[in-house]
Amino acid sequence: MQKTLIINAGSSSLKWQLFEMPAETVLASGLVERISMPGSIFTIKYGDHQKFETTVDNLDQEHAAQLVFDELQRLDIIQSLSEITAVAHRVVAGGETFKHAVEVTPTVLEQIKGLSSFAPLHNPMEAQGIATMAKTLPNVTQYAVFDSQFFTDLPEMNAIYSLPYDLTKKYHIRRYGEHGISHGYLTGRAAELLNKPKDDVNLVTLHLGSGASLAAVKHGKAFDTSMGFTPLTGVTMGTRAGDVDPAVVPFLMDKLNISDPNEIMMMLNNKSGLLGVSGISPDMREIKAQEQTNPQAKLAVDIFVNRIAKYAGSYLTELHGADAIIFAGGIGEHNVQLRQQITDELRIFGVKLDADLNAAGQEGVISSADSAIKVMLIPTNEELAMVRQVAALQ
């Protein structure tokens, strides 16, 4: 049996899953939080919901990877590292260079680094994760699966900004979109659940988590998406501002006496969104807990719902209706009340939730029988989508 390791390396975390192939069985999964910080938390889940957790101070990415392999062997999940035959990495930005998953070569790794301007918070860490795995598993083939690849064929009408066209072409400025692995998975899974061919489904998919994005799917392919040239734009997110008038950047530089625009960009990426508006947290659970007593918490929730409804409504208009609206992601999958609030804002389209089905939170249709458009809850599975793409390359 072959075993494929799926890696999602972030700036302060490392998520992973180990699959046995070709059965697509998850042998173990884990998360390393607070990388390179005091109190780094290392967690493995395996077997029948068994869990191992430990805390290690200032665990860097390389040592985190080594700890993963050490614990996989200590817990007898694998006998030897030689059982791992492939490693796949989620890479946020593929630009116009990568339109499908690829085997990582030295050239590919340099190209991923070179695309860091499209995802400055992500691609450098993902490139580092690839380099780390190359040290630890030097004889194992690595693959890169790109979050932007689902959106590479967006129609120009939706992909191109209203800039001078020669600059658009010269500097490859366009809407690249992210969360494409998730939106692609949701499209395929929705087609299965609706019992329709994939190229016959029209959907509005909502990937709502700390990072959040929406996509319009027409005939099974991406037609529009809320994220843009970088993951910063679109709806309000945990720490990202979402859509902001670009004139705000020089305005704040002047008012705050800042000479480097990157300082404002860091603020828009790391200190804005739900955190910036609420003044509490980027975590919707903490904000919702204070919604009734804290006006800023309520405002943050209202803005979050409003922006999602605006995008979803515009996509339903673009698509001339849809087979279904799909909720996914940490917030989309687990927050019953927010699903109701967002759906209520779309009632002009004849959308209605079934309160009992919504509360149950099971995969499938959660709308009422008389809803003009189905509403569905589908837990996203980016790791499964990735391992399938890698298997197709082997």
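Every chain is numbered independently, its residues counted from 1 as its sequence is written. Whole-chain, interface and lining totals are the exception, using all residues; otherwise, since this is a predicted model, local features are given only for residues with pLDDT of at least 70 and side-chain atom pairs are given and counted only at 80 or more. Here the side-chain values reflect all heavy atoms present in the structure, with hydrogen atoms and water set aside.

## Focus on the pattern of salt bridges
Piece 1. We define a salt bridge as a contact between a side-chain nitrogen of Lys or Arg and a carboxyl oxygen of Asp or Glu at a distance within 4 Å. Enumeration according to the criterion identifies 17 salt bridges in this entry.
Piece 2. Across the pair E24 and R388 runs a salt bridge whose closest N-O atoms are separated by 3.0 Å. Note that E24 is positioned in the loop between β2 (13-21) and β3 (25-33) and R388 in helix α15 (residues 382-393), a separation of 364 residues in sequence.
Piece 3. For every residue, the accessible area obtained with a 1.4 Å probe (protein chains only) is divided by the maximum for its type, and the residue is called buried under 20%, exposed over 50%, and partly exposed between those limits. Take R388: its relative accessible area is 39%, and that puts it in the partly exposed class.
Piece 4. Bridged by salt links that share partners, the residues K3, E20 and E83 form one connected network. Think of it this way: any DSSP run of H or I at least four residues long counts as a helix, any run of E at least two long counts as a strand, and we number them from the N terminus.

## Side note on the sheet that holds strand β7 (residues 102-103)
Pairing between the strands of a sheet comes from backbone hydrogen bonds, and it takes one of two forms, parallel or antiparallel.
Piece 1. Two strands pair if DSSP finds at least two bridges between them. Spatial ordering of the open sheet is given by β5-β4-β3-β2-β1-β6-β8-β7, a layout of 8 strands whose pairing is mixed. In this open sheet, the two strands that pair with only one neighbour each are β5 (50-56) and β7.
Piece 2. When β2 meets β3, the two strands line up antiparallel, connected through 8 bridges. Directly across from K15, in β3, lies its bridge partner L31.
Piece 3. Whether two residues touch is decided by their heavy atoms; if any such pair falls within 4.5 Å, the residues are in contact. Note on method: axes are straight lines fitted to C-alpha atoms, helices fitted across the in-contact stretch only, with angles between N-to-C directions ranging 0 to 180 degrees. Helix-sheet contacts for helix α3 (residues 123-136) involve β1 (2-9), β6 (84-91) and β8 (141-146), and the interaxial angle to β6 is about 170°.

## Concerning helix α2 (residues 106-114)
Piece 1. Along α2, the positions that sit buried rather than exposed are V108, L109 and I112. The arc that holds the buried residues of α2, viewed along the axis, is 100°, so those residues lie on one side. Facing away from the buried side of α2 by over 90 degrees, the exposed positions are P106, T107 and G114.
Piece 2. Looking at the buried positions of α2, the neighbouring elements they touch are β6, β7, α3 and β8. For this quantity, the arc is that covered by the directions from the helix axis to the C-beta atoms.

## Looking at the sheet that holds strand β13 (residues 364-365)
Piece 1. Spatial strand order, β11-β10-β9-β12-β14-β13: 6 strands in an open sheet with mixed pairing. Because the sheet does not close on itself, it has two edges, and the strands there are β11 (221-225) and β13.
Piece 2. Against the sheet, helix α11 (residues 295-318) engages β9 (203-208), β10 (212-218), β11 and β12 (324-328), with an angle of about 10° to β10.
Piece 3. Docked against the sheet, helix α13 (residues 336-345) engages β9, β12 and β14 (374-377), running at close to 150° with respect to β12.

## Describing the packing of aromatic side chains
Piece 1. Aromatic rings from Phe, Tyr and Trp, with only the six-membered ring used for Trp, were paired whenever their centres fell within 6.5 Å, and each pair was classed as stacked if the ring planes differed by under 30 degrees, edge-to-face if by over 60, and tilted otherwise. Taken as a whole and judged by the stated rule, the model has 7 aromatic pairs.
Piece 2. Feature note: the residues F118, Y176 and F229 constitute an aromatic cluster, connected by ring pairs.
Piece 3. The positively charged end of K218 is found above the aromatic ring belonging to F223, 4.9 Å away from the centroid. Charge-over-ring contacts are defined here by two conditions on Lys NZ or Arg CZ: a distance within 6 Å of the ring centre and an angle within 35 degrees of the ring normal.

## Some remarks on unusual backbone geometry
Excluding glycine, most residues fall at negative phi; most peptide bonds, likewise, are trans.
Piece 1. In the segment running from M21 into P22, the intervening peptide bond is cis, with an omega of 10°.
Piece 2. Position of P22 relative to the elements: it lies in the loop between β2 and β3.
Piece 3. Here D76, not a glycine, exhibits a phi torsion of approximately 65°, which is positive.
Piece 4. With respect to the helices and strands, the residue D76 is situated in the loop between α1 (61-74) and β6.
Piece 5. Notably, H320 is not glycine yet its phi reads approximately 60°, a positive angle.

## Quick word on the pairing of β11
Piece 1. Most of β11 is tucked away, with 4 of its 5 residues classed as buried.
Piece 2. Pairing between β10 and β11: 4 bridges, direction antiparallel. Within β11, the position partnered with A215 by the bridge is T225.
Piece 3. Taken together, β10 and the strand that follows it, β11, pair antiparallel across an intervening segment of 2 residues, in which H219 is found at a positive phi of about 50°.

## A closer look at the packing of α11 against α13
Piece 1. Between α11 and α13, the shortest axis-to-axis distance is 9 Å and the interhelical angle comes to 50°. On the basis of the axis angle, α11 is oblique to α13. The chirality of how α11 crosses α13 is right-handed. Residues V301, F304, V305, I308 and A309 of α11 pack against L338, Q341, I342 and E345 of α13. Geometric relationships in this document are graded by angle, where less than 35 degrees denotes roughly parallel, more than 145 denotes roughly antiparallel, 65 to 115 denotes roughly perpendicular, and other angles denote oblique. With the far helix as reference, a near helix turned anticlockwise by less than a right angle produces a left-handed crossing, and one turned clockwise produces a right-handed crossing.

## With respect to the pairing of β9
Along any regular strand, the residues point their side chains to alternate faces of the sheet.
Piece 1. For β9, a buried count of 6 out of 6 residues is recorded, marking the element as mostly surrounded by other parts of the structure.
Piece 2. Of the strand pairs in this sheet, β9 and β10 are connected by 6 bridges, and their pairing is antiparallel. Opposite L206, over in β10, you have L214 as the bridge partner.

## Description of the environment of S368
Piece 1. Residue position: S368 is located in the loop between β13 and β14.
Piece 2. Each C-alpha atom, one on S368 and one on N358, is 9.6 Å from the other, the two residues being 10 residues apart in sequence.
Piece 3. Once residues lying within four places of it in the same chain are set aside, the contact partners of S368 are K352, L353 and D354.

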